[in-house]
Amino acid sequence: MAKARAITGLETQASSAQNARIIARERLADLYAYTGYVGSPANIQELHDMRIAAKRLRYTLEIFAHCLPTASVGIAEELANLQDELGTLHDSEVMLALLRLSLQAEETTPLSGKREAELATQRKTLLSQEMLNSLLDTTHTPALSAGERQGLESFLRRQERRREQSYTAFRQHWDQLEQRHFRKEIMAMLARHADT
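I will try to describe carefully the structure that is included in this document. (Residues numbered from 1 in each chain as written. Predicted model: local features only at pLDDT ≥ 70, side-chain atom pairs only at ≥ 80, totals over all residues. Heavy atoms only, no water.)

Regarding the side chain of His173
Part 1 of the argument: Inspection of the secondary structure assignment puts His173 in helix H6 (residues 146–179).
Part 2 of the argument: A polar side-chain atom of His173 sits 2.8 Å from a polar atom in the side chain of Glu85. (Helix = DSSP H or I, 4+ residues; strand = E, 2+ residues; numbered from the N terminus. Polar contact = N/O pair within 3.5 Å; in protein donor to acceptor, adjacent residues only side chain to side chain.)

Section: the packing of helix H1 (residues 16–32) against helix H7 (residues 182–191)
Part 1 of the argument: Where H1 meets H7, the axes come as close as 10 Å, and the angle between the chain directions of the two elements is 175 degrees. As summarised for this structure, H1 and H7 are arranged roughly antiparallel, according to the angle between their axes. Listed contacts from H7 to Arg21, Ala24, Arg25, Leu28, Ala29 and Tyr32 of H1 are Phe182, Arg183, Ile186, Met187, Leu190 and Ala191.
Part 2 of the argument: Residues of the contact of H1 with H7, tallied by class, amount to 9 nonpolar, no polar and 3 charged. (Axes fitted to C-alpha atoms, helices over the stretch in contact; angles between N-to-C directions. Parallel < 35°, antiparallel > 145°, perpendicular 65-115°, else oblique. Contact = heavy atoms within 4.5 Å. Nonpolar A, V, L, I, M, F, W, Y, C, P; charged D, E, K, R; others polar.)

Some words on the pattern of salt bridges
A pair can form between side chains of opposite charge whenever their charged atoms are brought close.
Part 1 of the argument: The full count for this structure, using the stated rule, is 10 salt bridges.
Part 2 of the argument: A salt bridge links Arg163 to Glu93; the shortest N-O distance between them is 3.0 Å. One end of the pair, Arg163, is in helix H6; the other, Glu93, is in helix H3 (residues 71–105), and 70 residues separate them in sequence.
Part 3 of the argument: Here Arg100 makes a salt bridge to Glu160, at a shortest N to O gap of 2.9 Å. Separated by 60 residues along the polypeptide, Arg100 in helix H3 and Glu160 in helix H6 bring together distant segments of the chain.
Part 4 of the argument: On the basis of relative accessibility, which here comes to 12%, the residue Arg100 falls in the buried class.
Part 5 of the argument: Residues joined by salt bridges that share partners form a network here, namely Arg5, Glu26, Arg27 and Asp30. (Salt bridge = Lys/Arg side-chain N within 4 Å of Asp/Glu carboxyl O. Buried < 20%, exposed > 50% of the residue type's maximum accessible area, 1.4 Å probe, protein only.)

Things to note about the nonpolar core
Part 1 of the argument: Within the largest apolar cluster, 30 residues are counted, with the highest numbers of intra-cluster contacts made by Met50, Leu61 and Phe170.
Part 2 of the argument: Those residues in contact with Leu61, other than ones at most four positions away along the chain, are Ala24, Leu68, Ser72, Ile75, Ala76, Leu79 and Met189. (Core = buried A, V, L, I, M, F, W, Y, C linked by side-chain atoms within 4.5 Å.)

A closer look at the packing of H1 against helix H2 (residues 44–63)
Part 1 of the argument: Where H1 contacts H2, the two axes come as close as 8 Å, and the packing angle between them is 165 degrees. One way to sum up the angle between H1 and H2 is to call them roughly antiparallel. In terms of crossing hand, the pair formed by H1 and H2 is left-handed. Taken together, the residues of H2 that come into contact with H1 (itself represented by Ala20, Ile23, Ala24, Arg27, Leu28, Asp30 and Leu31) are Met50, Ala53, Ala54, Arg56, Leu57, Thr60 and Leu61. (Left-handed = near helix turned anticlockwise from the far one by under 90°.)

So, the packing of aromatic side chains
Part 1 of the argument: Throughout the structure, instances matching the rule amount to 4 aromatic pairs.
Part 2 of the argument: Pairing Tyr32 with Trp174 gives two aromatic rings, centres 5.3 Å apart and planes at 40 degrees, and the pair type is tilted. Of the two residues, Tyr32 sits in helix H1 while Trp174 sits in helix H6, which places them 142 residues apart along the sequence. With respect to burial, Tyr32 and Trp174 carry one shared label: buried.
Part 3 of the argument: Relative to Trp174, the ring of Phe170 has its centre 6.5 Å away and its plane inclined at 35 degrees; by these criteria the two rings are tilted. Of this pair, Phe170 and Trp174 both sit in helix H6, 4 residues apart, which is roughly one turn of the helix. Grouping residues by exposure puts Phe170 and Trp174 together as buried.
Part 4 of the argument: Put simply, the rings of Tyr32, Tyr167, Phe170 and Trp174 touch in pairs and so form one group of aromatic residues. (Phe/Tyr/Trp six-rings, centres within 6.5 Å; stacked < 30°, edge-to-face > 60°.)

Right, dumping it as structure tokens:
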């Protein structure tokens with residue numbers, strides 16, 4: 001997970017509204033630092049980090065809603081939707097990694113170098129070491145029957161379709177936000193005085 005950058009420029013004598021705007025601008029910059037990764041669902045870790053950045057910006061707007069323009073509420077809701085879409089995508093990625101590892105444990109034929117590299121990346125980014133050890137330890141797990149393997153492979157294909165649908169929903173939403181100039185909208189909201 002991407003660690004939050006420290007916020008500089010806050011002043012103890014400044015109003016909450018002034019400091020809230022500084023924090024929100026930094027969190028907005030954090031979110032948009034991931035825009036280069038939006039173009040591919042293969043950017044698993046970066047899209048997950050984008051979700052975390054959206055969550056941080058959303059929470060900033062929610063915490064300081066009392067001293068920001070009321071438009072911040074709608075923006076926070078939009079960020080919540082984006083966060084949910086990216087969360088669904090990440091959940092799909094985790095499920096796919098678990099399914100692939102379960103099926104790989106049963107493999108008797110060697111994997112291609114590319115496939116092995118993909119699995120290694122998924123292991124490193126999505127699963128805890130404890131979970132990996134449990135999945136790869138076949139000493140206490142009976143081999144899959146042909147029917148069980150077929151069922152897992154079928155479930156894997158359905159999960160791949162779900163992941164694609166999740167990514168498509170996120171991408172369409174993101175593209176809509178870009179068309180409406182969402183970043184500029186947030187910056188303009190932050191430049192206005194609170195309309196309490």
